[in-house]
Amino acid sequence: MATENGLPETGQAETADYPLVGQHPSIVKLRELIDKVAATDVTVLITGESGVGKEVVARTIHARASRRNGPFVPVNCAAIPHELLESEMFGHERGAFSGAAGARGGLFLTANGGTIFLDEIGEMPLALQAKLLRVLEDGAVRPVGADRWTPVNVRVIAASNTDLPAAVKKGAFREDLFYRLQVLPIVIPPLRERRSDIPILIEHFLARMRARMPGRTWTVSREAMVQLWSYDWPGNVRELEHMIERLVILSENGEIHAGLLPPNLAPDTRWTDARPPAELSASGINLTALVRELEGRMINEALKQTGGNKQAAARLLGLKRTTFAAKLRRCGVIAVEPRRADQRQPKGPA
Ligand SMILES: Nc1ncnc2c1ncn2[C@@H]1O[C@H](COP(=O)(O)OP(=O)(O)OP(=O)(O)O)[C@@H](O)[C@H]1O
Ligand SMILES: [Mg+2]
C-alpha cells in the first residue's frame, strides 16, 4: 500500500525509538528470525558492515522478548579503554585497583533482568574474552578483586562489523567464545544488496523530519531518487540517514532535486548522454552501475515521453509490461512522483 506521498509504506517493526524499517525479502526474513530469537534467551551474534542496523536489530530483539521491561544496556567494547573494560562490565570491589574508591556493580549487574548489547565485540581483549565465556557459561559475574560470584540473569547480544572468523584464525579472538556467541548468527546485508528499501527508508527519514518540523513536506525528484538508488552506500543506512537530513536542509521549496546531491552520488561522469563507452579503458568500468544507470535513465525518459503511461513506456522500450513493472519497482523511480490529478490512468492493471 502507498502512503499519501505515493511512497511505499515503511513496514516497520513496532519499536518506537529504533524502528526496523524495510520490506526487502532479506529484511522480512530478518524480522521472522528476530521473532524466533526473541522467544528464547540464547546468545546472539549480529554481524554486518558499519551502519547496517546492528543496534536497531539488537534493540528490536530486546523489545520483543519477555524481558522487554528489563533494561537494555549497550556497551561499546571499542570505546572503553581495555584496562577499564573488565571493571566496567563486571564491577569491582573497593580498593581493587588504584582509583577504585568504592565498590561498583558493573554493567552486567545494571542489565540484570534485561539485555546487554556488547557492540564491537571483536575489540575485546583476549583475557577478558575468557572471562566473558565463563559468565556466559555460569550465569554469574565476579567483580574485579572479589572472590565471590554474583548470579546475573542477562541476555547477551553481541555485534561485530569485523570478520570474526578471520580474527579467530589470527588468534585475536577466542574460538570457543566465537562458537558460544555464534549459537544464533544474524547477518544484516549491506544496503546496496537491498536497494528496494532505499525509497522506503527515505520516506521513513522524511516522515521523521516532518514530525520534527510540522507543516513542512519534501518531495524527491525522480532523477535524485535514481541517483540515491544507484549509489553504493558504503556507510549503509546511517549514511543514507545523514544524507536525507542534509538534503532536507538544502531543499528548495520542499524539492530535493538531483542538483543538490554531492558529486560522489552523481552518475559516472565518464559516461554522459546515456551512451555506453565505445571502448573499455585500461582503468575499467563498473558494468553493473552502468547498466543500472542506463536502465534508470531509459525508464525515466520513456515515462516522460509517454506522460507517465506505463504501458506505452514499456512498449517504447520493447519490454513486456510485467518486465517493465519489475524494473520500475527495482529502481523505485515510480514511487517518487505523486500521480497528478490530470494524468490519465492506463486501462487495465498498471
Ligand atoms: N532498518 C532500519 N530502519 C530504520 N533505521 C535504521 C535501519 N537500519 C539502521 N537504521 C538507522 O541507521 C543508523 C545506524 O544504525 P545502527 O546504529 O543500528 O547501525 P550499526 O550496524 O550498529 O552501525 P555501527 O557498525 O557503525 O555501529 C541509526 O540511526 C539507525 O536508527
Ligand atoms: Mg552499532
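Just so we're clear, the structure is a prediction, and the values are computed from it rather than from any experiment.

Attention now goes to the pattern of salt bridges. With the rule as written, the count across this model stands at 15 salt bridges. When the shortest N-O distance is used, the salt bridge between Arg148 and Glu93 registers 2.6 Å. Of the two residues, Arg148 is situated in the loop between strand 4 (140–141) and strand 5 (150–151) and Glu93 in the loop between helix 3 (82–90) and helix 4 (107–110); the sequence distance between them amounts to 55 residues. Given the relative accessible area of 40%, Arg148 is considered partly exposed. Take Glu93: its relative accessible area is 23%, and that puts it in the partly exposed class. One salt bridge in this structure joins Asp232 and Arg195, with 2.5 Å as the shortest N-O distance. You can see Asp232 sitting in the loop between helix 9 (222–230) and helix 10 (236–250) and its partner Arg195 sitting in the loop between strand 7 (184–187) and helix 8 (197–212), a full 37 residues away along the chain. It is possible to trace a salt-bridge network through shared partners that takes in Arg208, Glu241 and Glu245.

Here we come to the sheet that holds strand 2 (residues 72–76). A sheet is described by the order of its strands in space; here five strands give the open sequence 2-3-6-1-7, paired in parallel fashion. If you trace the sheet from one side to the other, it starts and ends with strand 2 and strand 7, each paired once. Recorded for the sheet is a direction-independent mean angle of 20° between the axes of neighbouring strands. Here strand 1 (residues 44–47) pairs with strand 6 (residues 155–160) via four bridges, running parallel. Considered in strand 6, the bridge of Val44 is made with Ile157.

In this structure, Phe108, Ile116, Leu118 and Ile121 are the most contacted members of the largest nonpolar core, which totals 32 residues. Breaking this core down by element, the ones donating at least two residues are strand 2, helix 3, helix 4, strand 3 (115–119), helix 5 (126–138), strand 6, helix 6 (164–170) and helix 7 (175–181). In contact with Leu118, not counting residues within four places along its chain, are Val75, Cys77, Met89, Met124, Leu132, Val156, Ile157, Ala158 and Ala159. Membership of the second largest hydrophobic core comes to 28 residues, among which are Ile200, Leu206, Met209 and Leu228.

What follows covers the confidence of the model for the chain. If pLDDT is low for a region, its predicted coordinates should not be looked at in detail. Per-residue pLDDT for the chain has a mean of 84; in total, 84% of the residues score no lower than 70. A low-confidence stretch, residues 1–8 (pLDDT under 50), is modelled with 22 contacts involving residues beyond four sequence positions or located in other chains.

Rules used throughout
Residues numbered from 1 in each chain as written. Chains lettered and ligands numbered in written order. Predicted model: local features only at pLDDT ≥ 70, side-chain atom pairs only at ≥ 80, totals over all residues. Heavy atoms only, no water. Salt bridge = Lys/Arg side-chain N within 4 Å of Asp/Glu carboxyl O. Helix = DSSP H or I, 4+ residues; strand = E, 2+ residues; numbered from the N terminus. Buried < 20%, exposed > 50% of the residue type's maximum accessible area, 1.4 Å probe, protein only. Pairing = 2+ DSSP bridges. Axes fitted to C-alpha atoms, helices over the stretch in contact; angles between N-to-C directions. Core = buried A, V, L, I, M, F, W, Y, C linked by side-chain atoms within 4.5 Å. Contact = heavy atoms within 4.5 Å. pLDDT = per-residue confidence, 0-100.

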